[in-house]
Amino acid sequence: MSNIILYGTDISPPVRACKLVLKALDLPYQYKNVDLLKGEHHSEEFLKKNPQHTVPLLDDNGLIISDSHAIVCYLVDKYANSDELYPKNLGKRALVNQRLYFEATVLFMSLKNVCAPFFLRNVSNVPQEKVDNVEQGYKHLENFLANDLYVVGDTLTIADLCCAATVSSLPGVLELDPVKYPKITAWLERLSQLPYYKEENDLGAEQFISHLKGALTIV
Ligand SMILES: N[C@@H](CCC(=O)N[C@@H](CS)C(=O)NCC(=O)O)C(=O)O
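As recorded by an unreviewed UniProt entry, the chain carries the name Glutathione transferase and is attributed to Drosophila willistoni.

See the structure below:
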């Protein structure tokens, strides 16, 4: 049995980002479900592993890592046969890192600021400002994709998989308009051709969206 354990739940975009990268690397791992809706991330056992009580959480033979971005960088550095998904070239790596930080601080936070109050405290009224932040995230991403097939250049990197896991969940708050955002639409279509993408991402994203659809009121 593999020594790699991923703790998470499929409705979580950062968990799906890790699952996508594990599949891209063809790495076997154990998946332990942590049901956030039942509060399992606040159990004594989980808090010992991650006092920040977030998923995903990776346990690689006793090395515990939280945060999807830290996890996927580690997985590629440690296990990949090539550096394609996370280039070692400093300039390319800096650009991939920039997109990862964009994902962590702009894209994902625009989603979490709506869905954490909803899932964890039943807050369904969403100020317009929070929806505007989602729109802003779409705009930035469309710009990143203006001249390239992927978020950094013309090859797939971990930044694509992290951004895609979140972008495919954002329609729970604000539909992705294909006319306004043709580059994002085409990029998602490109990613959906990856043999593992639908199973590892889209099923969880659909589940996530179905919780939010029709349940939010913009105020
Ligand atoms: N930046 C973190 C965000 C992780 C995160 O916020 N995960 C959510 C689920 S999508 C969570 O665990 N929420 C529970 C909580 O914050 O208590 C990452 O990329 O892993």
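1. Describing the site of the ligand
With respect to spatial proximity, 13 residues lie near the ligand, and among them H53, V55, D67, S68 and K112 are the closest. Here an oxygen atom of the ligand and a side-chain polar atom of H53 are 2.8 Å apart. For the ligand, a nitrogen atom lies 2.9 Å from a polar atom in the side chain of D67. When the ligand sits alone it has 500 Å² of accessible area, and the protein chains cover 87% of it. A molecule is said to occupy a pocket when more than half its atoms come within 2 Å of that pocket's grid points, and by this definition the ligand occupies the largest pocket. Of all elements in the fold, only α3 (68-79) and α4 (90-121) reach the threshold of two or more residues within the shell around the ligand. Its residues assigned to classes, the shell around the ligand comprises 5 nonpolar, 6 polar and 2 charged.

2. Structural notes on the UniProt feature "domain: GST N-terminal" (unreviewed entry) in the chain
Under the local residue numbering, the UniProt record ascribes the feature "domain: GST N-terminal" (unreviewed entry) to residues 2-83. Secondary structure content for residues 2-83 is 37% helix and 21% strand, while the C-alpha to C-alpha distance between its ends is 22 Å.

3. Focus: the pattern of salt bridges
Applying the stated criterion across every chain, the model contains 7 salt bridges. Here D10 makes a salt bridge to K19, at a shortest N to O gap of 2.9 Å. Its relative accessible area of 26% is what places D10 among the partly exposed residues. Judged by its relative accessible area of 8%, K19 is buried. Between K19 and E200 there is a salt bridge, with the nearest N and O atoms lying 4.0 Å from each other. Linking K19 in helix α1 (residues 13-24) with E200 in helix α8 (residues 197-212), this pair joins segments that are 181 residues apart in sequence. Judged by relative accessible area, which is 7%, E200 ranks as buried.

Rules of the game
- Residues numbered from 1 in each chain as written.
- Predicted model: local features only at pLDDT ≥ 70, side-chain atom pairs only at ≥ 80, totals over all residues.
- Heavy atoms only, no water.
- Near = heavy atom within 4 Å.
- Polar contact = N/O pair within 3.5 Å; in protein donor to acceptor, adjacent residues only side chain to side chain.
- Areas by Shrake-Rupley, 256 points an atom, 1.4 Å probe, with all protein chains shown as cover.
- 1 Å grid on protein atoms, 1.4 Å probe; cavity = no way out; pocket = protein on both sides within 12 Å on 5 of 7 lines; lining within 4 Å.
- Sits in = over half its atoms within 2 Å of the grid points.
- Helix = DSSP H or I, 4+ residues; strand = E, 2+ residues; numbered from the N terminus.
- Nonpolar A, V, L, I, M, F, W, Y, C, P; charged D, E, K, R; others polar.
- UniProt positions renumbered as here; feature names shortened; annotations may be inferred.
- Salt bridge = Lys/Arg side-chain N within 4 Å of Asp/Glu carboxyl O.
- Buried < 20%, exposed > 50% of the residue type's maximum accessible area, 1.4 Å probe, protein only.

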